[in-house]
Amino acid sequence: MTPVDRPAWPDQPDPGPHAAQAADGSTQFDFFAPPPVPPDAPLPPAAPMAAPVRAAVPLGFGAPTVPATPAVAPPMPAVPPQDPPTLELGAPIVPGVPAPAPAPDLDALPGGPEGPLYVIGDVHGYIQDLLDGLHAQGLIDAEGHWSAGRSRLWFLGDFTDRGPDGIGVIDLVMRLAAEAAADGGYCRALMGNHELLLLGADRYGEEPVHSSAGTASFLAAWRLNGGQPHDMERLEDHHVAWLSRLPAMAVEDDHLLVHSDTTAYLEYGNSVDEVNDAIREVLGHGDADEWWDCFRRMTKRFAFRGENGPEAARELLTAFGGHRIVHGHSPIPYLLGEAPTEDGHSGVQVDGPHVYADDLAVAMDGGVTMEGEGKLLIARLPLS
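Residues numbered from 1 in each chain as written. Predicted model: local features only at pLDDT ≥ 70, side-chain atom pairs only at ≥ 80, totals over all residues. Heavy atoms only, no water.

### Comments concerning the overall build of the protein
Here is step 1 of the chain: The helix and strand inventory of the protein stands at 10 helices and nine strands.
Here is step 2 of the chain: Expressed as a percentage of the 384 residues in the protein, the buried residues total 57%.
Here is step 3 of the chain: Sequence separation of at least 24 residues holds for 76% of the intrachain contacts in the protein that already meet a minimum separation of 6.
Here is step 4 of the chain: As presented, the protein carries roughly 15500 Å² of accessible surface, and 54% of it is formed by carbon and sulfur atoms. (Helix = DSSP H or I, 4+ residues; strand = E, 2+ residues; numbered from the N terminus. Buried < 20%, exposed > 50% of the residue type's maximum accessible area, 1.4 Å probe, protein only. Contact = heavy atoms within 4.5 Å. Areas by Shrake-Rupley, 256 points an atom, 1.4 Å probe, with all protein chains shown as cover.)

### Some words on the side chain of His238
Here is step 1 of the chain: Of note, His238 is situated in helix H6 (residues 237-244).
Here is step 2 of the chain: At 3.3 Å, the side chain of His238 forms a polar contact with the side chain of His239. (Polar contact = N/O pair within 3.5 Å; in protein donor to acceptor, adjacent residues only side chain to side chain.)

### Overview of the pattern of salt bridges
Here is step 1 of the chain: Per the stated rule, a full pass over the model turns up 12 salt bridges.
Here is step 2 of the chain: Close ionic contact of Arg152 with Glu114 constitutes a salt bridge, the shortest N to O distance being 3.6 Å. With Arg152 in strand E2 (residues 152-155) and Glu114 in the segment before strand E1 (117-120), this pair connects stretches of sequence that are 38 residues apart.
Here is step 3 of the chain: Look at Glu114 and you get partly exposed, because its relative accessible area is 46%.
Here is step 4 of the chain: The closest approach of N and O atoms between Arg280 and Asp277, which form a salt bridge, is 4.0 Å. Pair noted here: Arg280 and Asp277 are both in helix H7 (residues 272-285), with a separation of three residues, about one helical turn. (Salt bridge = Lys/Arg side-chain N within 4 Å of Asp/Glu carboxyl O.)

### Focus on helix H9 (residues 309-320)
Here is step 1 of the chain: The first and last C-alpha atoms of H9 sit 17 Å apart over 12 residues, in line with the 16 Å expected at 1.5 Å per residue.
Here is step 2 of the chain: Within H9, the full set of buried residues consists of Gly309, Pro310, Ala312, Ala313, Leu316, Leu317 and Phe320. Across the axial projection of H9, the buried residues extend over an arc of 160°, all falling on one side. Among the exposed residues of H9, those pointing more than 90 degrees away from its buried face are Glu311 and Thr318.
Here is step 3 of the chain: Close packing links the buried residues of H9 with strand E4 (249-252), strand E5 (255-258), H7 and strand E6 (324-327).
Here is step 4 of the chain: Two residues or fewer past H9, Gly321 is found with a positive phi of approximately 100°. (Expected span 1.5 Å × (residues − 1). Arc of directions from axis to C-beta.)

### Here's the deal with the packing of helix H3 (residues 193-204) against helix H8 (residues 288-298)
Here is step 1 of the chain: Viewed as axis vectors pointing N to C, H3 and H8 meet at an angle of 160°, and their least axial separation amounts to 9 Å. If you check the angle between H3 and H8, you find them roughly antiparallel. Crossing of H3 over H8 shows left-handed handedness. On the side of H3, the interface is formed by Asn193, Leu196, Leu197, Leu199, Gly200, Arg203 and Tyr204, while H8 contributes Ala288, Trp291, Cys294, Phe295 and Met298.
Here is step 2 of the chain: Looking at the contact of H3 with H8 residue by residue, the class counts come to nine nonpolar, two polar and one charged. (Axes fitted to C-alpha atoms, helices over the stretch in contact; angles between N-to-C directions. Parallel < 35°, antiparallel > 145°, perpendicular 65-115°, else oblique. Left-handed = near helix turned anticlockwise from the far one by under 90°. Nonpolar A, V, L, I, M, F, W, Y, C, P; charged D, E, K, R; others polar.)

### Comments concerning the sheet that holds strand E7 (residues 354-356)
Here is step 1 of the chain: Reading across the sheet, the five strands line up as E4-E5-E6-E8-E7 and stay open at both edges, with mixed pairing between neighbours. Each edge of the open sheet is held by one strand with a lone partner, namely E4 and E7. Within this sheet the neighbouring strands show an average axis-to-axis angle of 25°, counted without direction.
Here is step 2 of the chain: Where E6 meets strand E8 (residues 361-363), three bridges bridge the pair, whose relative direction is parallel. Paired with Val326 across the bridge in E8 is Val362.
Here is step 3 of the chain: Relative to E6, H9 is tilted by about 100°, and along the sheet it contacts E4, E5 and E6. (Pairing = 2+ DSSP bridges.)

### Focus on the nonpolar core
Here is step 1 of the chain: Leu134, Phe155, Phe159 and Phe304 are the most contacted members of the largest nonpolar core, which totals 98 residues.
Here is step 2 of the chain: Sort the elements by how many residues they give to this core and helix H2 (residues 166-182) lands first, with eight residues.
Here is step 3 of the chain: Setting aside chain neighbours within four positions, we find Phe155 in contact with Ile120, Val123, Leu130, Val173, Cys187, Arg188, Ala189 and Leu190. (Core = buried A, V, L, I, M, F, W, Y, C linked by side-chain atoms within 4.5 Å.)

Spelled out as structure tokens, the structure:
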């Protein structure tokens, strides 16, 4: 695992009315950027890399062919070119993983036979952590197939970048969506800022976009923020089609589910449907600058932290519904304001979701990329 977001920045946008303030009064943006740079400064040079080319590489859950990548489960048969794909998943569970939780008594649940609601924070390619966590919660069986009946599962976005197998994560989520639907439940996902970044890098490559950090491109920003070449090589048309249709937000059981802890969603509409439609319109018909602007807005963070955080949370809840916001995006150690030491550690051990902003917000990004401190979080809502 690697520390979260080494110095890199996708943009230095205008802070807007809801930009969060750090302890020293400075404005905080996404990706834990280095000190502000002049507007005309270019992005740091990136290592040479060929333009993304779609390659017909067999997909599965084996470790990608990159040096020192953590091992994962054995590779599986290639996914047929359809949406959603179906594929067999080999036994992913390693020895020592606890037995799955017993299936819930659905008829005894509030509301009758509708199953319990689960949410999952940022995965960032760490597929073995995801498989282990899903199995421990009783959501998949020992062979990696849906085993939770009518349960409902939402991923909060950011499947790829930084970790060993982002495409494998996407394939797994797509397959579980089909299996859960066949079993009376569902598995759904939100659009994260890293989905916007991956799709933008695939579509626009090195095409220049207007950025307050100088001349930029999606491909350069993707490289700077954990983009993995083996993910780009394995990205296929059915992945792009599925990712492009993901919603930006949803309301479930009176919880407002979003990826980013920002009020920038309000800039796209005053209802869940308006926001989702507006962002899909950008992805379907917008040019590179419109796409970049959407990515820039969705990378803002920390809106619900600090003295003004509850007010910002109430503003979002009033507009879109729900009594509590559930989000990913900002790793909990950084959300708590703990600066990393020289060795990249924050000193915060993540044990579970972080409830804050007068109990109006729940942070679900456990910082799975932060070795020894973070973890992939899966939680059943409402939190007890």
